[in-house]
Each structure stands twice: as structure tokens, then as C-alpha cells.
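# Residue-level structure breakdown
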Amino acid sequence: MSVRWRRADELCADQPRADQGSAAQPHAARRPRADQLAAERPAPAPPSAPSFGAFVAAASAAGHLVVQPRMGFSDPAVMRLGLQRTKYAAARAVGTITLDSYTRLGEHAAARRALAAGDRLNGYPIVDHRLQDTRAMLDGIVDATFPVQVRHGSARPERIIRAVAAAGLDATEGGPVSYCLPYGRTPLSESIDCWARSCELLADLVPPPRLPHVETFGGCLLGQLCPPGLLVALSLLEGLFFTQHGIASVSLSYAQQTDPVQDEHAIRALRRLAAEFLPPEVDLHVVVYTYMGVFPASDRGARRLLEESARLAVRAGAQRLIVKTAAESRRIPTIEENVRALEWAGATAAAEAGPVPAPARPVDGDAGRDDPDDAHAVYDEARAFVEAVLDLDADVGRALLAAFGRGYLDVPYCLHPDNAGRSRSTLDGGGRLRWSAVGAMPVRPARIPGPGRPEMSSDQLLKALRAVADKFDH
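## A closer look at the overall build of the chain
- The number of helices and strands found in the chain is 18 helices and 10 strands.
- The buried share of the chain, reckoned over its 474 residues, is 55%.
- Accessible area for the chain stands at about 19,400 Å²; split by element, carbon and sulfur atoms hold 52% of it.

## Considering the environment of Val 56
- For Val 56, the location among the structural elements is in helix α4 (residues 52–61).
- Classification of Val 56 by relative accessible area gives buried; the value is 0%.
- C-alpha separation for the pair Val 56 and Val 67, spaced 11 residues apart in sequence, amounts to 9.8 Å.
- Beyond its immediate chain neighbours, meaning those up to four positions away, Val 56 contacts Val 66, His 285, Gln 319 and Arg 320.

## Description of unusual backbone geometry
- Residues Pro 208 and Pro 209 are joined by a peptide bond in cis, for which omega reads 10 degrees.
- In this structure, Pro 209 sits in the loop between α10 (188–205) and β5 (213–216).

## Here we look at the side chain of His 245
- Relative to the helices and strands, His 245 is located in the loop between α11 (228–244) and β6 (249–255).
- On the accessibility criterion, His 245 (1% relative accessible area) is buried.
- Polar side-chain contacts of His 245 include one of 2.9 Å to the side chain of Glu 200.

## With respect to the packing of aromatic side chains
- Taken as a whole and judged by the stated rule, the model has 6 aromatic pairs.
- Ring geometry for Tyr 179 against Phe 217: centres 5.4 Å apart, planes inclined by 55 degrees, an arrangement best described as tilted. Pair noted here: Tyr 179 is in the loop between β4 (171–174) and α10 and Phe 217 is in the loop between β5 and α11, with a separation of 38 residues, a long-range link.
- Exposure remark for Tyr 179: the relative accessible area of 5% places this residue in the buried category.
- Here Phe 217 falls in the buried class, since its relative accessible area comes to 7%.
- Ring-pair connections join several aromatic residues into one group, and the members of that group are Tyr 179, Tyr 183, Trp 195, Phe 217, Phe 241, Phe 242 and Tyr 289.
- Cation over ring: Arg 272 sits above Tyr 379, and NZ or CZ is 3.6 Å from the ring centre.

## Quick notes on the packing of helix α13 (residues 299–316) against helix α14 (residues 335–353)
- The N-to-C vectors of α13 and α14 enclose an angle of 45 degrees; their axes lie 8 Å apart at closest approach. Between α13 and α14, the angle is such that the two are oblique. Crossing angle aside, the handedness with which α13 passes α14 is right-handed. For the pair α13 and α14, the contacting residues are Arg 303, Leu 306, Glu 307, Ala 310, Arg 311, Val 314 and Arg 315 in the first and Ala 341, Trp 344, Ala 345, Thr 348, Ala 349, Glu 352 and Ala 353 in the second.
- Grouping the amino acids of the contact of α13 with α14 by side-chain chemistry returns 8 nonpolar, 1 polar and 5 charged.

## Quick word on the state of the cysteines
- Applying the stated criterion across every chain, the model contains 0 disulfides.
- For the unlinked cysteine Cys 180, the closest cysteine sulfur is that of Cys 414, found at 8.7 Å.
- Residue Cys 180 is classed as buried on the basis of its relative accessible area, which comes to 2%.

## Quick notes on the environment of Met 137
- For Met 137, the location among the structural elements is in helix α8 (residues 131–138).
- Owing to a relative accessible area of 3%, Met 137 belongs among the buried residues under this scheme.
- Residues Met 137 and Leu 81 lie 56 residues apart in sequence; the distance between their C-alpha atoms is 9.0 Å.

## Considerations on the pairing of strand β7 (residues 283–289)
- Most of β7 is tucked away, with 5 of its 7 residues classed as buried.
- Sheet topology note: the β6/β7 ladder contains 7 bridges and is parallel. Note on β7: the bridge partner recorded for Leu 252 is Val 286.
- You can see the chain leave β6, run along helix α12 (residues 260–277) and come back into β7, and the turn it takes is right-handed.
- Two elements, β7 and strand β8 (residues 320–322), share 3 bridges in a ladder whose sense is parallel. Bridge pairing links Tyr 289 to Ile 322 in β8.

## Some remarks on α4
- Of the residues making up α4, those classed as buried are Phe 52, Gly 53, Phe 55, Val 56 and Ala 59. End-on, the buried residues of α4 take up no more than an arc of 160 degrees, which puts them together on one face.
- The positive-phi residue at the C-terminal boundary of α4 is Gly 63, with phi of around 90 degrees.

## Focus: α8
- Listed in full, the buried residues belonging to α8 are Leu 131, Thr 134, Met 137 and Leu 138. Buried residues in α8, looked at end-on, bunch into an arc of 125 degrees, giving them a common side.
- At the C-terminal side of α8, Gly 140 shows a positive phi close to 80 degrees.

## Thoughts on the confidence of the model for the chain
- Put simply, the chain has an average pLDDT of 84, and 80% of its residues get 70 or more.
- Taken as a whole, residues 14–39 scores under 50 in pLDDT and shows 30 contacts with residues more than four places along the chain or in a different chain.

## Remarks on a positive patch on the surface
- On the surface, Arg 300, Arg 303, Arg 304 and Lys 471 cluster together into a positively charged patch.
- No other element matches α13, which puts 3 residues into the positive patch.
- Here Arg 304 is to be found in helix α13.

## Brief notes about the pattern of salt bridges
- Enumeration over the complete set of coordinates arrives at 19 salt bridges.
- Its salt-bridge partner being Glu 173, residue Arg 151 comes within 3.4 Å of it at the nearest N-O pair. One end of the pair, Arg 151, is in strand β3 (residues 148–151); the other, Glu 173, is in strand β4, with 22 residues separating them in the sequence.
- Judged by its relative accessible area of 1%, Glu 173 falls in the buried class.
- One salt bridge connects Glu 158 with Arg 162, and the closest N-O pair in it is separated by 3.6 Å. With Glu 158 and Arg 162 both in helix α9 (residues 158–166) and 4 residues apart, this pair spans about one turn of that helix.
- Assessed through its relative accessible area of 25%, Arg 162 is described here as partly exposed.
- Three or more residues joined by partner-sharing salt bridges are found here, namely Arg 151, Glu 173, Glu 215 and Arg 320.

So, how was this worked out
Residues numbered from 1 in each chain as written. Predicted model: local features only at pLDDT ≥ 70, side-chain atom pairs only at ≥ 80, totals over all residues. Heavy atoms only, no water. Helix = DSSP H or I, 4+ residues; strand = E, 2+ residues; numbered from the N terminus. Buried < 20%, exposed > 50% of the residue type's maximum accessible area, 1.4 Å probe, protein only. Areas by Shrake-Rupley, 256 points an atom, 1.4 Å probe, with all protein chains shown as cover. Contact = heavy atoms within 4.5 Å. Polar contact = N/O pair within 3.5 Å; in protein donor to acceptor, adjacent residues only side chain to side chain. Phe/Tyr/Trp six-rings, centres within 6.5 Å; stacked < 30°, edge-to-face > 60°. Lys NZ or Arg CZ within 6 Å of the ring centre and 35° of its normal. Axes fitted to C-alpha atoms, helices over the stretch in contact; angles between N-to-C directions. Parallel < 35°, antiparallel > 145°, perpendicular 65-115°, else oblique. Left-handed = near helix turned anticlockwise from the far one by under 90°. Nonpolar A, V, L, I, M, F, W, Y, C, P; charged D, E, K, R; others polar. Disulfide = S-S within 2.5 Å. Pairing = 2+ DSSP bridges. Right-handed = clockwise from strand over helix to strand, strands pointing away. Arc of directions from axis to C-beta. pLDDT = per-residue confidence, 0-100. Patch = residues over 30% accessible without salt bridge, like charges linked within 9 Å, V, L, I, M, F, W, Y side chains within 5 Å. Salt bridge = Lys/Arg side-chain N within 4 Å of Asp/Glu carboxyl O. Lys, Arg positive; Asp, Glu negative; His and termini not counted. Charge placed at Lys NZ, Arg CZ, Asp CG, Glu CD.

Below, the structure is given as C-alpha cells:
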């Protein structure tokens, strides 16, 4: 490690959110009791349970795309049922425990009040449920055929990481940029410190021979209207950050965007850059997210979009797919809806793979668009971002902070105070995402021929946000 970080337990654990304006309590008052520390010792994993990354690698070697839901329920009995149904779905699946908003924001007193009142939360409050209840919920679920990942959304994840390890789990996701910029006003410097400490903590708490696994959310920033080059670069940079802080098993993410050909180029670019920049000994795979923006309102449109994401993952060589359901545009999906989505995605992926891997190809109406020059555009742009950032500092965390400070990284339409806010994107005439304004970033804006225009009006922005949903609904 090339830098000695400030004590992140002073920055991260139980600290009020910066946007709440409340004063932090003295650290001594927040120090856990000895009985709490004893209870937080990691639960022994089942002897035959593999690490999360090892399970995905074995499934990929056998020719299977691993599919995964995003489900989370506050009641341990319902959460256990969701994991059971996922485990026995007709697909090669892994489990998910998605945490609630109170836990994500560090509002643990509110989570405890909700649990005491019997309120239903929008996820599983892993920090504030009794540890024995979480362990009982997982007992007999996690085994050699079924690892489980915890997904949360926190810029200050230290208490979550302790709870994950104490429950006997070894996989989570997020990142110092991707779980900071979209979700609040936590200073980026603070998120970087907290994530550095949290990665080191996870590496310390997960006992060998299991490998703790962290998936970057960097390829999913804001879910939509971010050109792929920046998503690929941030995914790789967060992966490098994880490895610099002791994580030896990582997954790099990419969220399906507006054009399947451009998306395929992006995933291939991510795989290529990972091979070039990540240490060769790191356990690595790529995960694709079904479209994270406005989802089709019709069941048929939602199913078609899910099918396209599964085919995209197979064609581009990804090993795991995060699915969405037909209910996404209306409400939180049920267990049954999640299982149907998993099985549909798994069947689509199996059909797409066939006896011979399918080559990269355009979709209907896109014949002739997949030219070699365009195939290299995403890779070249992503590499320009990565090199510009890594030239700033040998420590990836400091480099990321400096890059946002100088505007070398600038997420379009992101309102976080540490984001420069000078970049803009647009859809070209063929539906691909391009830069219309780049600020200080080391790339050039696109020259867009035809009906596409460099700057989007508010009406055009709303239309662009709905473009994928409208396409698949109609």
C-alpha cells in the first residue's frame, strides 16, 4: 500500500451524514463493547462453500452465465424464502441481500425504530437485525452451490462490512466513487477514506482460504446517459482501488445502455483493459446489469429488454448478469417475479450461447453500423481516462480525488458537489451515446451528423431518458 490512510473508523463508523448537519459524537462514545466485538466474529462458512468469485469462475468454465436478482426484504423469514427460491430457480444463480435505505445512509436508530414498530423496509437491515437472526436466516442456504452477495449503496460501509463478515459472507459491491456521487452529498475524500478502510477490513475479516470479493458499481453510474468510455474507465479504476487495498477477487461492472453494438464494444473494452491494468493474480470477472434507467412499462417490453441484456452478456464474454423484472416500472418486485426473471434470463443466455459462441453482430436495423473504427472508439476513450487519472498519483484513491478536482473525470447530469458538472452527453441519430460537451476531460466531443444535435433541450433530455423504455414498449 502506497499511502497510510487516516483512521477510517473515526470517519466512517456511525458518523452522521454530512448533509444532515448534525455533530459527530466523540469516538469514545461510539466504541463497541467487548461483547459486541465477540458477537461480530465471522461465522464459519460451510466447509464446502466456495468464495463468490470462485463460484462464478467455475460456472463460467462450465459454459453458464450466472444470473442474480437485486432482492432484499426486511423480515428475515421472507429474506430466507427469497434466497431459497433463488437457490432452487431453474438457472445458474447466486443470491442477493439488498440492504434498506436507512442502513445505506447510516441511520441505524431509524432502522431499529422501524423494526421495533414492525414496519416493512425496502431492504434487509443487516447491521440492526440481531446477528443470530441473520446467521439463522442463512443457515442451510449458503453452500457449495449457492454463494450470497450483500448489496447496499453506502459511501460509509464499515459497519456493513463488519456485519457481512460476522454473518459468514464474503462478497459485497460498491466503490468510493460509484457509491458516493449518485447517492448524496458525502464528500468524495471521505468516501475514499471509508472505502479504503472497509476494503482492508473485509480482507482482514474473511478467513482463508476464502477470498473476499468486491464488485465495483462504477459501470452503472446514474444508470443512464453516461457514454460508455467513462463507465468502463470508472469500473476499472475502482477495481484497481480495491486491489490496492487488499482485495484479491473483484468483478467489474457495466450497465446496458442505449445501443447493443456500442454496449458490446464497451464490455470487450472493459475486459481488455482489465487484462492490461489489473494484477494478473487477481481473481476477476465481468458483470452486466440489465438496463438501469427508465424501464418498459409493458410486461412484453420488459421481457424483451431483459432478453437483450442476457444475449449481450453472452456475446461480449461477461460471466454474470444482474437482472430486472417486468414489475420494475411500477413497484418493488415480488420473490416470484424475481425468480421468473432469473429463469427467463438464464434460458435466453443458454440459447444464445449454443454450441458455438455467437460473434459480435448488429441488431435489427443496424446492419452495416459495426465498423472497425467504431469498435475501437470505446476502448481508446476509456484508456485515455484511465491513463489521465493514473498519471496523477500512484495511489488510486488520491488519483481519483485529484481527477474529479481537475475535471478529468466528470459525470454528466450528476449534481454532487465534487463533480465538475461541465460534461454533457447526447444520443446520436443511430441511438448511441456520445459526448456533446467534455469540459476538462481528456476526450473530444463527438461530431454528430444527421438529426442528432450537440446539446439537448429539457424536452430532448426527457425523451432521451425514456428512449429505451419507449423502444421496447412499442
